[in-house]
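Spelled out, the chains give:
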Amino acid sequence: MTVKIRVDVKCCVGHARCAAVAPEVYELDDNGFNTTPYKEVDESLRKQAIRGMRACPEKVITIDDEDGR
Ligand code: SF4
């Protein structure tokens, strides 16, 4: 299984917190913005992906089958 991650990149404001807590999952551009609208990562990275989702103050990250709390 894979973890399906969606990012509303238009609403990303560049806090870089997602990548700070989950560097293996979230990549940022040179200005600190998440510009990857969709990606799948291995199930082994699920906890890290969730941590990054919850760290985003703008709540622009969603993960299939997970809530944002
Ligand atoms: S924490 Fe949220 S707002 Fe900040 S860079 Fe990551 S996706 Fe964008």
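Anything mentioned here points back to the structure above.
What comes next is a walk through the structure. Everything quoted here is computed from the prediction, not taken from an experiment. (Residues numbered from 1 in each chain as written. Predicted model: local features only at pLDDT ≥ 70, side-chain atom pairs only at ≥ 80, totals over all residues. Heavy atoms only, no water.)

**Structural notes on the site of the ligand**
Thought 1: C12, H15, A16, C18 and C56 are the nearest of the 13 residues found near the ligand.
Thought 2: A per-class count over the shell around the ligand returns 7 nonpolar, 4 polar and 2 charged. (Near = heavy atom within 4 Å. Nonpolar A, V, L, I, M, F, W, Y, C, P; charged D, E, K, R; others polar.)

**Some remarks on the pattern of salt bridges**
Thought 1: Enumeration according to the criterion identifies 5 salt bridges in this entry.
Thought 2: Between R46 and E43 there is a salt bridge, with its nearest N and O atoms 2.6 Å apart.
Thought 3: Among the residues examined, E43 registers a relative accessible area of 30% and is labelled partly exposed.
Thought 4: E66 is the salt-bridge partner of R46, the closest N and O atoms lying 2.7 Å from each other. One end of the pair, R46, is in helix α2 (residues 46–55); the other, E66, is in the segment after β3 (61–63), and 20 residues separate them in sequence.
Thought 5: Here R46 falls in the buried class, since its relative accessible area comes to 14%.
Thought 6: Residue E66 is classed as partly exposed on the basis of its relative accessible area, which comes to 27%.
Thought 7: One connected set of salt bridges, linked through shared partners, spans E43, R46 and E66. (Salt bridge = Lys/Arg side-chain N within 4 Å of Asp/Glu carboxyl O. Buried < 20%, exposed > 50% of the residue type's maximum accessible area, 1.4 Å probe, protein only. Helix = DSSP H or I, 4+ residues; strand = E, 2+ residues; numbered from the N terminus.)

**Quick look at the nonpolar core**
Thought 1: By size, the foremost hydrophobic cluster in this structure holds 17 residues, and its most contacted members are I5, V25, Y26, A49, I61 and I63.
Thought 2: Those elements that provide at least two residues to this core are β1 (2–7), α1 (17–21), α2 and β3.
Thought 3: Those residues in contact with A49 that sit more than four places away from it in its chain are V3, I5, V25, Y26 and I63. (Core = buried A, V, L, I, M, F, W, Y, C linked by side-chain atoms within 4.5 Å. Contact = heavy atoms within 4.5 Å.)

**Regarding the side chain of N34**
Thought 1: Looking at the element boundaries, N34 is found in the loop between α1 and β2 (38–42).
Thought 2: A relative accessible area of 3% means that N34 is categorised as buried.
Thought 3: In this structure the side chain of N34 is engaged in a polar contact, spanning 3.2 Å, whose partner is the backbone nitrogen of T36.
Thought 4: Apart from the residues within four sequence positions on either side, N34 is in contact with V7, V9, C12, C18, Y26, E27 and L28. (Polar contact = N/O pair within 3.5 Å; in protein donor to acceptor, adjacent residues only side chain to side chain.)

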